Amino acid sequence: LWFCIKLLSTFKFSEGKRGLIRKKQESLKTQDGWWGVGTPLVSPEDDSIRPFRVETTQEQLEDLHRRIDQTRSFPSLEDSRFHYGFNSSYLRKVVSYWRNDFDWRKQVDKLNRYPHFKTTIEGIDVHYVHAKPKNLPEGVRSVPLMMVHGWPGSFYEFYGILPLLTEPASPEDIAFEVICPSIPGYGFSEAPHKKGFDSVCAARVFHKLMKRLGFSQFYVQGGDWGWLITTNMAQLEPKTVKGLHVNFAPPAKPSLTMMMSVLLGRHFPKLFDFSEHDIKRTFPCVQKLVVDAVKETGYLHIQATKPDTAGRALNDSPVGLAAYILEKFSTWTDHEFTNLEDGGLERKFSLDDLLTNVMIYWTSCSIISSMRFYKENFGKGLDQPHSKIPVIVPTGVAVFPNELMHTPKLWVKQKYHKLVTYTLMARGGHFAAMEEPELLAQDIQMFVKIVEKRM
Amino acid sequence: MKRVLAISSLDPCQLKVLLVTSVGIGGLLCYLALRKKTKNIPVGDGWWRVGEKPLSEDRTIRPFVVETSEEMIQDLHQRINQTRYTESLEDGRFHYGFNSAYLKKVAKYWRHEFDWEKQVRVLNKYPHFKTNIEGLDVHFIHVKPVQRAGQKVLPLMMVHGWPGSFYEFYKILPLLTETEGDFVFEVICPSIPGYGYSEAPHTQGFTCLDAARIFHKLMDRLDFSDYYVQGGDWGAFITCSMALMKPECIRGLHLNMVNAKAGGALSIISLLVGRYLPFLVGFTREDVCRIYPFMQKNVYKILRESGYMHIQATKPDTAGCGLNNSPVGLAAYILEKFSTWTDYKNRDLEDGGLERKFSLDDLLTNIMIYWTTGSIIPSMRFYKENMGANFQKTMDNTTKIHVPTGLAAFPHELLHCPRVWARSRFTDIRSYTYMPRGGHFAAFEEPVLLAQDLLQFVKKVESKRPK
C-alpha cells in the first residue's frame, strides 16, 4: 500500500515521456560523511587494515543457552502452518536443535576459514572477508569482485559460492578475488552512530574500501540491499565499476513504458518482450504486484518507521530473533512454503547454515542497526536522486523464479541502460547465493566473460 | 416506435392496469431507495476450541482473583537484568522508535521500584470473574455502583483495545459508579478473547464480530436486557458491531474513537473544498484545524505510525515471538504507542513525554497484564483475523448505525472524524463533543473529561426515552 501510494505520487507523465529519449548521462553525486561518536578528529583517519578473527567465549554460549532454555512459547492456531508467521511447533524443533546439536565453536572455525579484516572508514570499523584464489597458474590474473549481502543475510551467505568463484573447476572459468564486506550496522561492521546512513553512503564507503585495498577497477555483485548498494556504486563511479551483476532488480521509478506494459502486456506480450514467465509473475497485476506485496511487507513497514522499537525484543530473545529472521528464509525462498507446517526451511538450507547467520546477528547485537537501514533509505521517500539516474555500467541480471519481485527485461532496461545478460534461472529464490550457489556462479562467470571479452 | 403504437392501441381498462402497476413499481423503487437501510449484521455463532462442541454449555460465572508468585517476579527480574541494549542514534529521540536511554530508565524503575504485588492488590480492588462462552473463558470485572436514593442504575460495558486492557478503565470507574445525578452505572469491563486474562481462541477466524457476539452473550448471562456500551480502538469496532448485531439491546453507544467516513467521492470532494470553504461541506473550524494539512496529518502520519499494524495483520506469530520473551522489548513496543498516540509531538522528546500524562506504575501494570498472561501473540492475531480475507465485513465503517450515539472527539486521537462524516454513518447522534485535550487512550489519560462526556450523553438519551 505504501509502495502504491508512493508510486502514484511520484509518477509524472511528462517525465515518463522524457524517459523514452536517452537522457544525458548523469552520475550520482555524494558528499563525505562521518559516522563515529561525537565530532570527527582533526588528525587523518587511521587507514590500517587489521586482521580480524571471529571469536566466541564460554560465557557467550552459556548466556545463549540460558536464554533459549527460558523461552516462553505460545501455540500456533490450529492448522495455521506458516500463514500467521513462524509456526510454533516447528520453532520448538529448531530451538531444540539450536540448544542441543548446533555447535557454534565449529561454525566459528568455519567462518574463520577465510581471512577477515577490519578497517576504519568515515569513523566506523568496516568488516570484510577477503578470499583470494590459491594456485593461480602462471600469467593468469584474478578478477576482483565485491559481493554485497542484504537483510536478513550477511557475508556468510556467500560461503557456499566463494569456492566456486575463487577456485573454479574448469580452467576456462575466471578465478575471482572476492571481497565480502558487512554493511555498516550488520554483523561485524560497526554501526553508524549518526542519522542518515543510507545505501549511497554504504556505496561510498565500499568504494573507499576497494581503493584502500588497491583495486582501481572491479566487478560488483549483490541481491536485496546488496543490489541497491552495488547499483549506487555503479552510479557513483561508473569508470571504476567494470560490471554490475544483480540477482534482484526491483524497478526504482515507474515510467510510462512500465505503466503501458502493465495495462496492455497481457494481451500484447510480444510488444513488450514479455516471456511466459513474465506474464505468470506479473498478472493478474493487482494480485501479484499489490496484494502479495502488502502481505509480505509488514516487516519493511515497521522497520522503515520504528526500527528501534521493532528490534528491541529481538536483541534480547534469541528465539524471537530466529523466528523473525528464519521466517524470511522460508517465505522468500518459495512463497508456497507458507502452506507447509515446517515452512520448507530444511528443503533448501541446513539448520547449521541458517543458525550461523542468525548467530552473526545475535553475537554482534546488530539487529536494531540492521533495521535502521530501512528507515534511512525509505524514510526519505522513494524519490531519491539515485532512483532517477540510469546505470551505464555493463549489467547482468540473474532472474530467479521465486524471487520476491519479478522484473521483466523491459522494466530492467528502463534503469540499466547497458544490459549485457538477463538470465531466467532454473530454480531458486531470494537468497540465491546461499540456496543455488552453482547456478549463480555460472551466471556470474558467463556475464564477466562477456564483459571481459568486450574490453 | 413499435412500443408507442402498442400503448396507444390498449383499451382504457388495460391502460389503467398499466398505470397502476407502473406507479406501484415506481413507488416501490422510491421507497427502496429512500428508506433507511436498516441492515443488521447477522449474529451467527462460534466455537473456538479444537474439537466438537459439547451438547450442554457451562454457564457458571466463577469469581477470579489476579495472582502472582515469587517465581514469576524472579523470572521477570532476571530477564530485565539480562537485557541487552543497543544505543539509539545521536539525537534520535523517538523518531526511530523507543529511545534507548529512556528505556533504560523505565527498566531500572521496573526492576527496582515497581511493586507488582501492590499493583495486583490494586487490580483486585474490583471483583473479577470468568465465564465460559463459545468454548473460551472470558474474563471481566463487574463493578456495582454506590447507589444513592432515587438514582437509577444503568448497565454499561466498556471495551478496551490494543495495546490496552481492562486496566485502562480503573481511573474512570470511580467517576461512573458513584455520581451525583439521576443515574449511576453498573460497569462491566471484559477482556477481549486473546487479551489479558481472557482465554485466546484456538482456531482461526476470531474477529471483532465474534467478540461482539460473545459480549452480548455475557451481558445476557448477567441478566441485562439492554445496556450502554463504550469503547475506543478495538473497543470502538466491537461496540459498533454490537450495535449493528442487536440494536434492541443497546441503550446508547459512546465512542472516543470515531470510525466513519463519508461514502466515496463525497469524502474526497469535502476534503478538497473543506480547507478553503469549510462551511460549504459542513466542516467546523475545529474540524479544519484537526484535519489539515491533510497529507501531513492523515496520510504521512498514518504511514509512519502503521508499521505495527501492517506486521501484526500479516505475521503476528513472528512479530510477537520475541516480545513474549523479553519484558523490556515488550515494554518498548507497547509504551511507544502510549507515547505517540497520546500526542504525536511526543516523538520529538527524548523521553517520549510518557510521564507527563501517565504514571510509570500504571503503564507497567498494563504491560504486566500482557507479560504475565503471555497474551501478546494472540492480541496481535486479532489484527490479522480482522484485516484478512473478511476485511470488508469486519472493518466496515459505512453501514449505518441507528442506536443513540455519543461521540467524543479527542484532539490528539490518531485520526479525526468531522461531525458531518460521522452523521453519514451514525444516524442518531445525540452528542458530538470536541474534547479540549487528550489522545487515543482517553479513559486512561483524561478520565474526568471522558466521564463528563459520557454522563451528559447518557443524560440526553435517558431524558428522551419513553418512561
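What you are looking at is a predicted structure, and each value in this text was computed from that prediction instead of being measured.

Chemist: Now, about the UniProt feature "active site" (unreviewed entry) in chain A: what can you tell me, with residues and values included?
Modeler: Residues and elements named next belong to chain A. UniProt annotation of "active site" (unreviewed entry) refers to Asp224, Tyr374 and His430 when read in the numbering used here. Tracing the backbone shows Asp224 in the loop between strand 6 (218-222) and helix 8 (225-236). A polar atom in the side chain of Asp224 sits 2.7 Å from the backbone nitrogen of Trp151. The exposure class assigned to Tyr374 is buried, which follows from its relative accessible area of 3%. When sequence neighbours within four positions are dropped, the list of residues in contact with Tyr374 reads Trp151, Tyr186, Asp224, Trp225, Tyr299, Leu300, Gln303, Ala304 and Gly379.

Chemist: Please give an account of the UniProt feature "active site" (unreviewed entry) in chain B that cites residues and values.
Modeler: All names here are of chain B. This chain's UniProt record puts "active site" (unreviewed entry) on Asp233, Tyr383 and His440. Assignment of secondary structure puts Tyr383 in helix 18 (residues 376-387). For Tyr383, a relative accessible area of 2% puts it in the buried group. Excluding residues that lie within four positions of it along the chain, Tyr383 makes contacts with Trp162, Tyr195, Asp233, Trp234, Tyr308, Met309, Gln312 and Ala313. Relative to the assigned elements, His440 resides in the loop between strand 9 (429-434) and helix 21 (442-445). Accessibility expressed as a relative area gives 5% for His440, which makes it buried. Contact partners of His440, with chain neighbours within four places excluded, come to Asp233, Asn256, Met257, Trp341, Thr342, His412, Glu413 and Leu414.

Chemist: Break down the pairing of strand 7 (residues 250-255) of chain B for me, with residues and values.
Modeler: Residue and element names in this part refer to chain B. Among the six residues in strand 7, six count as buried, and that is most of the element. Two elements, strand 6 (residues 227-231) and strand 7, share five bridges in a ladder whose sense is parallel. Bridging from a neighbouring strand, Tyr227 pairs with Ile250 of strand 7. A crossover connection joins strand 6 to the parallel strand 7 through helix 8 (residues 234-245); in handedness this β-α-β unit is right-handed. Looking at chain direction, strand 7 and strand 8 (residues 405-409) are connected through three bridges and run parallel. Within the sheet, the bridge partner assigned to Leu255 lies in strand 8 and is Leu407.

Chemist: Break down the environment of B:Phe441 for me, citing the residues and quoting the values.
Modeler: Residues and elements named next belong to chain B. Relative to the elements of secondary structure, Phe441 occurs in the loop between strand 9 and helix 21. Owing to a relative accessible area of 2%, Phe441 belongs among the buried residues under this scheme. On a C-alpha basis, the gap between Phe441 and Met158 in space is 13 Å, while along the polypeptide they are 283 residues apart. Residues within four places of Phe441 in sequence aside, it is in contact with Pro163, Glu168, Lys337, Phe338, Trp341, Thr342 and Phe358.

Chemist: Give a description of the UniProt feature "domain: Epoxide hydrolase N-terminal" (unreviewed entry) in chain A that names residues and reports values.
Modeler: Mapped onto this numbering, the UniProt entry annotates "domain: Epoxide hydrolase N-terminal" (unreviewed entry) at residues 49-158 of chain A. Annotated as residues 49-158 of chain A, this span is 30% helix and 22% strand, and its ends, taken at the C-alpha atoms, are 22 Å apart.

Chemist: So what's going on with helix 3 (residues 58-69) of chain A? Residues and values would help.
Modeler: Residues and elements named next belong to chain A. If you check helix 3, its first and last C-alpha atoms are 16 Å apart, about what twelve residues at 1.5 Å a residue would give, namely 16 Å. Among all positions of helix 3, only Leu61, Asp63, Leu64, Arg67 and Ile68 are buried. Taken end-on, helix 3 shows its buried residues confined to a sector of 160°, consistent with a single buried face. For helix 3, the exposed residues lying more than 90 degrees away from the buried face are Glu59 and Asp69. The inward-facing, buried residues of helix 3 contact helix 4 (88-100), helix 5 (104-111), helix 14 (318-331) and helix 16 (351-363).

Chemist: Can you explain the UniProt feature "domain: Epoxide hydrolase N-terminal" (unreviewed entry) in chain B? Please cite residues and give values.
Modeler: What UniProt calls "domain: Epoxide hydrolase N-terminal" (unreviewed entry) maps, in this numbering, to residues 61-169 of chain B. With 30% helix and 24% strand, the stretch residues 61-169 of chain B has end C-alpha atoms that lie 22 Å from each other.

Chemist: Talk me through the packing of aromatic side chains; I want residue IDs and the actual numbers.
Modeler: This structure, assessed with the given rule, holds 61 aromatic pairs over all chains. Ring centres of A:Phe52 and A:Phe188 lie 5.5 Å apart, and the angle between their planes is 50°; on these two criteria the pair is classed as tilted. Highlighted residues: A:Phe52 in strand 1 (residues 49-52) and A:Phe188 in the loop between strand 5 (176-181) and helix 7 (199-212), separated in sequence by 136 residues. Grouping residues by exposure puts A:Phe52 and A:Phe188 together as buried. Ring centres of A:Tyr374 and A:Phe378 lie 6.3 Å apart, and the angle between their planes is 25°; this geometry places the pair in the stacked category. Of this pair, A:Tyr374 and A:Phe378 both sit in helix 17 (residues 367-378), four residues apart, which is roughly one turn of that helix. In this structure, A:Tyr374 and A:Phe378 share a single accessibility class: buried. Here the guanidinium or amino end of A:Lys118 rests over the ring plane of A:Phe52, the centre of that ring lying 4.4 Å away. Its end group placed over the ring of A:Trp362, B:Arg84 keeps NZ or CZ at 3.5 Å from the ring centre.

The rules behind the values
Residues numbered from 1 in each chain as written. Chains lettered and ligands numbered in written order. Predicted model: local features only at pLDDT ≥ 70, side-chain atom pairs only at ≥ 80, totals over all residues. Heavy atoms only, no water. UniProt positions renumbered as here; feature names shortened; annotations may be inferred. Helix = DSSP H or I, 4+ residues; strand = E, 2+ residues; numbered from the N terminus. Polar contact = N/O pair within 3.5 Å; in protein donor to acceptor, adjacent residues only side chain to side chain. Buried < 20%, exposed > 50% of the residue type's maximum accessible area, 1.4 Å probe, protein only. Contact = heavy atoms within 4.5 Å. Pairing = 2+ DSSP bridges. Right-handed = clockwise from strand over helix to strand, strands pointing away. Expected span 1.5 Å × (residues − 1). Arc of directions from axis to C-beta. Phe/Tyr/Trp six-rings, centres within 6.5 Å; stacked < 30°, edge-to-face > 60°. Lys NZ or Arg CZ within 6 Å of the ring centre and 35° of its normal.

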